[in-house]
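Residue-level structural notes
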Amino acid sequence: MGGAVTIADALREAATRLAPTSDTARLDAELLMAHALGVTRTDLLLKHMRSEPPVHFTSILDRRLNHEPVAYILGTQPFYGLDLEVGPAVLIPRGDSETLIEAACDARESCPPARILDLGTGSGALLLAALTLWPGAQGIGLERSGPARDVAARNAAQNGLAARAQIIAGDWTQGGWADQLGRFDLILANPPYVEDAAALAPSVRDHEPAEALFAGPDGLDDYRRLIPEVPRLLAPGGTALFEIGATQAGPVCALAEAAGLAATVHRDLAGRPRSVEMT
């Protein structure tokens, strides 16, 4: 006669069911179970494996089986030491974007920025990470989406940065969007750069905001709008860093050079082009 189902049993079954959906099926199952219990993953593994699983774990698991990202289910995502609120209004911050912050650290090592601009701030990830690195800086996060601005403002407050992070409305598809911003020592941007016809995982395509992903047939539409404005937004000696797709270094550097900027490509640990620095 079998005993009662334990959390250990439920995790094994969940990981098996998630395997066709996720490359990190076991990790996903553990994070979702910890969320269902209201405990940390460490506490789950050390203290709760023989307990009975909560009834509502099934409904949480079903959301992941329908390709909803784990971060949206949990409602949070870590980024560069920050714990950020995320939801369907914003892209999920990824490790790729942390390489942009690392590049900014290298670029501004000898001259800390006083004013920082984050174009398309979304959750506020880039801006807030930069402000934690440079405690003397003030920053502006420009964002078209009202719900995304609300998320960024809450993240600034929750991380103790509301006094230094101004989240404002702005739409670079409209003329005059940059007129009143002033000049900045550091500009960060992770604009939409996915080709309209690109094949994306269902967790991205069906759940993350399309307006923050897609940028025309070649994925370059937003670079074409933004980069010509960079020279008048940069303070003397300033630096702009834009995240790019792995095949976009050449076209983005060409746009920068056409705008009178010097362009340098930064690569990630795998050697793939990941950002372009403009001065």
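See the structure above.
Values in this document were obtained by computation on a predicted structure and should not be read as measured data. (Residues numbered from 1 in each chain as written. Predicted model: local features only at pLDDT ≥ 70, side-chain atom pairs only at ≥ 80, totals over all residues. Heavy atoms only, no water.)

**Some words on the nonpolar core**
Grouped together as the largest cluster of nonpolar side chains are 30 residues, with contacts concentrated most on Leu119, Trp177, Leu181, Ile187 and Phe242. Among the secondary structure elements, those contributing two or more residues to this core are strand E3 (115-119), strand E4 (138-143), strand E6 (184-189), helix H10 (221-226), helix H11 (230-233), strand E7 (234-243), helix H12 (249-258) and strand E9 (273-278). When residues of this core are assigned to their parent elements, the largest contribution, four residues, is made by H12. Among the nonpolar cores identified, the runner-up in size contains 23 residues, and Leu84, Ile101, Ala129 and Trp134 belong to it. (Core = buried A, V, L, I, M, F, W, Y, C linked by side-chain atoms within 4.5 Å. Buried < 20%, exposed > 50% of the residue type's maximum accessible area, 1.4 Å probe, protein only. Helix = DSSP H or I, 4+ residues; strand = E, 2+ residues; numbered from the N terminus.)

**Observations concerning the state of the cysteines**
This model, assessed by the stated rule, comprises zero disulfides. Free of any disulfide, Cys105 has its nearest neighbouring cysteine sulfur in Cys111, separated by 14 Å. When its relative accessible area of 41% is taken as the criterion, Cys111 is described as partly exposed. (Disulfide = S-S within 2.5 Å.)

**Considerations on the packing of helix H1 (residues 7-18) against helix H2 (residues 25-37)**
In contact at an axis separation of 8 Å, H1 and H2 are set at 130° when each is read in the N-to-C sense. If you check the angle between H1 and H2, you find them oblique. In the packing of H1 onto H2, the handedness of the crossing is right-handed. Counted together, Ile7, Ala10, Leu11, Arg12, Ala14, Ala15 and Leu18 of H1 and Ala25, Arg26, Asp28, Ala29, Glu30, Met33 and Leu37 of H2 form the full contact between these two elements. Considering only residue class, the contact of H1 with H2 consists of 10 nonpolar, no polar and four charged. (Axes fitted to C-alpha atoms, helices over the stretch in contact; angles between N-to-C directions. Parallel < 35°, antiparallel > 145°, perpendicular 65-115°, else oblique. Left-handed = near helix turned anticlockwise from the far one by under 90°. Contact = heavy atoms within 4.5 Å. Nonpolar A, V, L, I, M, F, W, Y, C, P; charged D, E, K, R; others polar.)

**Some remarks on the pattern of salt bridges**
By the definition in use, this model includes 18 salt bridges. Ionic pairing is found between Arg12 and Asp9, a salt bridge with its closest N-O pair at 2.4 Å. Of this pair, Arg12 and Asp9 both sit in helix H1, three residues apart, roughly one helical turn. The partly exposed category is assigned to Arg12, whose relative accessible area is 49%. Classification of Asp9 by relative accessible area gives partly exposed; the value is 29%. A salt bridge links Arg94 to Glu208, with the shortest nitrogen-to-oxygen separation between them at 2.3 Å. Residue Arg94 is located in the loop between strand E2 (82-85) and helix H6 (95-107), and its partner Glu208 is located in the loop between helix H9 (202-205) and H10; the two are separated by 114 residues in the primary sequence. (Salt bridge = Lys/Arg side-chain N within 4 Å of Asp/Glu carboxyl O.)

**A closer look at the pairing of E6**
Counting buried residues in E6 gives six out of six residues, a clear majority hidden from the surface. Relative to E6, E3 is paired through four bridges, and the arrangement is parallel. Along E6, the bridge assignment pairs Asp118 with Leu188. (Pairing = 2+ DSSP bridges.)

**Re the pairing of strand E5 (residues 165-169)**
Summarising the sheet, E4 and E5 pair through five bridges and their orientation is parallel. When the bridges of E5 are listed, Leu142 appears paired with Ile168. With helix H8 (residues 146-158) bridging E4 and its parallel neighbour E5, the resulting β-α-β unit is right-handed. (Right-handed = clockwise from strand over helix to strand, strands pointing away.)

**Here's the deal with the side chain of Thr239**
Within the element layout of this structure, Thr239 appears in strand E7. A polar contact is formed between the side chain of Thr239 and the side chain of Arg108, at a distance of 3.2 Å. Beyond its immediate sequence surroundings of up to four residues, Thr239 is in contact with Ala107, Arg108, Asp185, Leu186, Ile187, Leu234, Glu277, Met278 and Thr279. (Polar contact = N/O pair within 3.5 Å; in protein donor to acceptor, adjacent residues only side chain to side chain.)

**Let's talk about H6**
Between the first and last C-alpha of H6 there are 19 Å, a value that for 13 residues agrees with the 18 Å anticipated at 1.5 Å per step. Of the positions making up H6, those classed as buried are Ser97, Leu100, Ile101, Ala103 and Ala104. Along H6, the residues classed as buried sweep out an arc of 155° about the axis, all on the same side. Summarising the geometry of H6, the exposed residues directed more than 90 degrees from the buried face are Gly95 and Asp106. The inward-facing, buried residues of H6 contact strand E1 (76-79), helix H7 (125-133), E6, E7, strand E8 (263-267) and E9. (Expected span 1.5 Å × (residues − 1). Arc of directions from axis to C-beta.)

**Quick look at the packing of aromatic side chains**
Counted by the stated rule, this structure contains two aromatic pairs. Between Trp172 and Trp177, the ring centres sit 6.5 Å apart and the planes meet at 65°, which makes this aromatic pair edge-to-face. Trp177 matches Trp172 in its accessibility class, with the two residues each being buried. Pairing Tyr223 with Phe242 gives two aromatic rings, centres 6.4 Å apart and planes at 40°, and the pair type is tilted. One end of the pair, Tyr223, is in helix H10; the other, Phe242, is in strand E7, and 19 residues separate them in sequence. As far as the burial class goes, Tyr223 and Phe242 line up, both buried. Its end group placed over the ring of Phe184, Arg115 keeps NZ or CZ at 4.2 Å from the ring centre. (Phe/Tyr/Trp six-rings, centres within 6.5 Å; stacked < 30°, edge-to-face > 60°. Lys NZ or Arg CZ within 6 Å of the ring centre and 35° of its normal.)

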